[in-house]
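Below, each chain spelled out in residue letters.
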Amino acid sequence: AAEAAGVLCEAIELLSWEEAEAKARETVAQMTSAERHGLMLGVGWTALGWGIVMPKQGYYMGNTVPVPRLGIPALKLADAGNGFRNNIPPLGVAGTSTCWPSALAMASSWDESLVRRVAAAIGREFR
């Protein structure tokens, strides 16, 4: 039923803030220094000098390494919710980034179906 509605997964029950913060503290307490550093540093980019960094092909600036033993997946993070920047040529192709409507603009439409369709499209593009 979820896929028929354009939803890629079933809804999950969210933790309370207190439960989420406790779980985060417990997880961080189990992490090694190298694992914490890996999450903060990220992966998939090259420092070019003078504070300039360049993502490697297939990566964004917000890629993280997984920590499988703690159930932490690798993540691909973006600058904001409006879309994903492409790498500059020659690693990327100019004109392939999409700028999506802001969350405020979508909310002000009062159209839940529209918001679901945009969210599904953003998910497909990022995948």
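Residues numbered from 1 in each chain as written. Predicted model: local features only at pLDDT ≥ 70, side-chain atom pairs only at ≥ 80, totals over all residues. Heavy atoms only, no water.

### Remarks on the overall build of the chain
At step 1: The secondary structure content of the chain amounts to four helices and four strands.
At step 2: Shown N-terminal to C-terminal, the secondary structure of the chain runs as helices and strands in the order α-α-β-β-β-β-α-α.
At step 3: Sorting the 127 residues of the chain into buried and exposed places 19% on the buried side.
At step 4: Long-range pairs, those at least 24 residues apart, make up 36% of the contacts in the chain with a sequence separation of at least 6.
At step 5: Approximately 9,800 Å² of the chain is accessible, and the part contributed by carbon and sulfur atoms is 63%. (Helix = DSSP H or I, 4+ residues; strand = E, 2+ residues; numbered from the N terminus. Buried < 20%, exposed > 50% of the residue type's maximum accessible area, 1.4 Å probe, protein only. Contact = heavy atoms within 4.5 Å. Areas by Shrake-Rupley, 256 points an atom, 1.4 Å probe, with all protein chains shown as cover.)

### Things to note about the pairing of strand β1 (residues 45-49)
At step 1: Relative to strand β2 (residues 52-55), β1 runs antiparallel, the two sharing four bridges. Bridged to G49 within β2 is I52.
At step 2: If you look at the hairpin formed by β1 and β2, you'll find two residues sitting between the two strands, and W50 has a positive phi there, around 55°. (Pairing = 2+ DSSP bridges.)

In short, the description is geometric, and any link to function would need to be established separately.
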